[in-house]
Each structure stands twice: as C-alpha cells, then as structure tokens.
Amino acid sequence: MIEVTQTYDLLPAVDRDTYADWVKKAIGLVLKQPGLVEFRAHRNLLGSPQVRTTTVWQSGADWAHFAEGAWQTLEPELRRMATNLRIELWGPSPMVTEPLRPGR
C-alpha cells in the first residue's frame, strides 16, 4: 500500500461556496476510484498549509491510474482556488513495517 499526501493553502479571495462544491465533487470522485483504501482530510491548527488530504491506495499503479485520469479534471479547478500545492507519495518503512501502539 502507498499513502499520497496532498497539502495546499486556499487563496485569500476564494469563494468558500465554490470551494465547498469542489470538495464535494472531488471526494465523490476519489471514493469511486479502483484501489482506493481510505481518504482522510485535515486542517492545520497552526496555519499553513491549511489543508492536508491523505489517500491510501492498494498499489502505486492504482494511484497512477487516478493521477493520470480523474485527477486531471480536478487539479486545474483546485489550482484556481489554491496555492502551494504539494503532493507526496509515501511507501512502507523497511524498519517499522506495521503500526506501533503503546501497550499492545
């Protein structure tokens, strides 16, 4: 599995209703993608970047299929409302292969 983290800041003058509509459309499209395991969204309590989303995919090929397909319709719309867009792909650590939790 891989995790894809996306962060960005909203432009100061962005129309919040337009952004909210885009978010609903984007999430709906992402949730329909083959190979998607999970979608999470967070806001930064300390400022910038303002938004972080994380998607978990069965494989890099699943992410690539999304990135080359559906994302191509979503990204240009987001870039009209956001700045500092950054996308990172993360794979499992060879040193810590499973999540660790205290007391377990």
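You'll find the structure just up there.
Report on the accompanying structure. (Residues numbered from 1 in each chain as written. Predicted model: local features only at pLDDT ≥ 70, side-chain atom pairs only at ≥ 80, totals over all residues. Heavy atoms only, no water.)

## Brief notes about the overall build of the protein chain
In terms of regular secondary structure, the protein chain is built from 3 helices and 4 strands. Ordered by position from N to C terminus, the α and β elements of the protein chain give β-α-β-β-α-α-β. Expressed as lengths along the three principal axes of its C-alpha atoms, the size of the protein chain is roughly 45 × 35 × 20 Å. Taken across its 104 residues, the protein chain has 31% of its residues classed as buried. Contacts spanning at least 24 positions in sequence make up 68% of the contacts within the protein chain whose residues lie at least 6 apart. A total accessible area of about 7,200 Å² is found for the protein chain, and carbon and sulfur atoms account for 56% of it. Of note, the protein chain has its 12 positive side-chain charges centred 5 Å away from the centre of its 12 negative side-chain charges. (Helix = DSSP H or I, 4+ residues; strand = E, 2+ residues; numbered from the N terminus. Buried < 20%, exposed > 50% of the residue type's maximum accessible area, 1.4 Å probe, protein only. Contact = heavy atoms within 4.5 Å. Areas by Shrake-Rupley, 256 points an atom, 1.4 Å probe, with all protein chains shown as cover. Lys, Arg positive; Asp, Glu negative; His and termini not counted. Charge placed at Lys NZ, Arg CZ, Asp CG, Glu CD.)

## Quick look at the sheet that holds strand β3 (residues 51-57)
For sheets, the rule is that strands pair by backbone hydrogen bonds, running either parallel or antiparallel. An order of β2-β3-β1-β4 is seen for the 4 strands of this open sheet, with the pairing classed as antiparallel. Among the strands making up the open sheet, the edge pair consists of β2 (36-43) and β4 (82-90). For this sheet the average axis-to-axis angle between neighbouring strands, irrespective of direction, equals 15°. Here helix α1 (residues 16-31) sits on the sheet and contacts β1 (2-10), β2 and β3; the angle it forms with β2, its principal contact strand, is near 160°. Taken strand by strand, helix α3 (residues 71-79) contacts β1 and β4, and its axis lies near 145° from that of β4. (Pairing = 2+ DSSP bridges. Axes fitted to C-alpha atoms, helices over the stretch in contact; angles between N-to-C directions.)

## Considerations on the pairing of β3
Within β3, 6 of the 7 residues are buried, leaving the element largely enclosed by the surrounding structure. Of the pairings in the sheet, the one linking β2 to β3 comprises 7 bridges and is antiparallel in character. Pairing of A41 across the sheet is with T53, part of β3.

## A short note on a nonpolar patch on the surface
A cluster of nonpolar side chains, M95, V96 and L100, forms an exposed patch at the surface whose accessible area comes to about 380 Å². Note that L100 resides in the segment after β4. Classification of L100 by relative accessible area gives exposed; the value is 70%. (Patch = residues over 30% accessible without salt bridge, like charges linked within 9 Å, V, L, I, M, F, W, Y side chains within 5 Å. Salt bridge = Lys/Arg side-chain N within 4 Å of Asp/Glu carboxyl O.)

## Quick look at the packing of α1 against α3
If you want to describe how two helices pack, look at the angle between their axes and the distance between the axes. One way to put it is that α1 packs onto α3 with a least axis distance of 11 Å and a crossing angle of 160°. Classed by the angle they form, the pair α1 and α3 counts as roughly antiparallel. Crossing geometry of α1 relative to α3 is assigned as left-handed. When α1 is examined against α3, the residues W22, K25, A26 and L29 are found in contact with a partner set consisting of T73, L74, E77 and L78. Residues of the contact of α1 with α3, tallied by class, amount to 5 nonpolar, 1 polar and 2 charged. (Parallel < 35°, antiparallel > 145°, perpendicular 65-115°, else oblique. Left-handed = near helix turned anticlockwise from the far one by under 90°. Nonpolar A, V, L, I, M, F, W, Y, C, P; charged D, E, K, R; others polar.)

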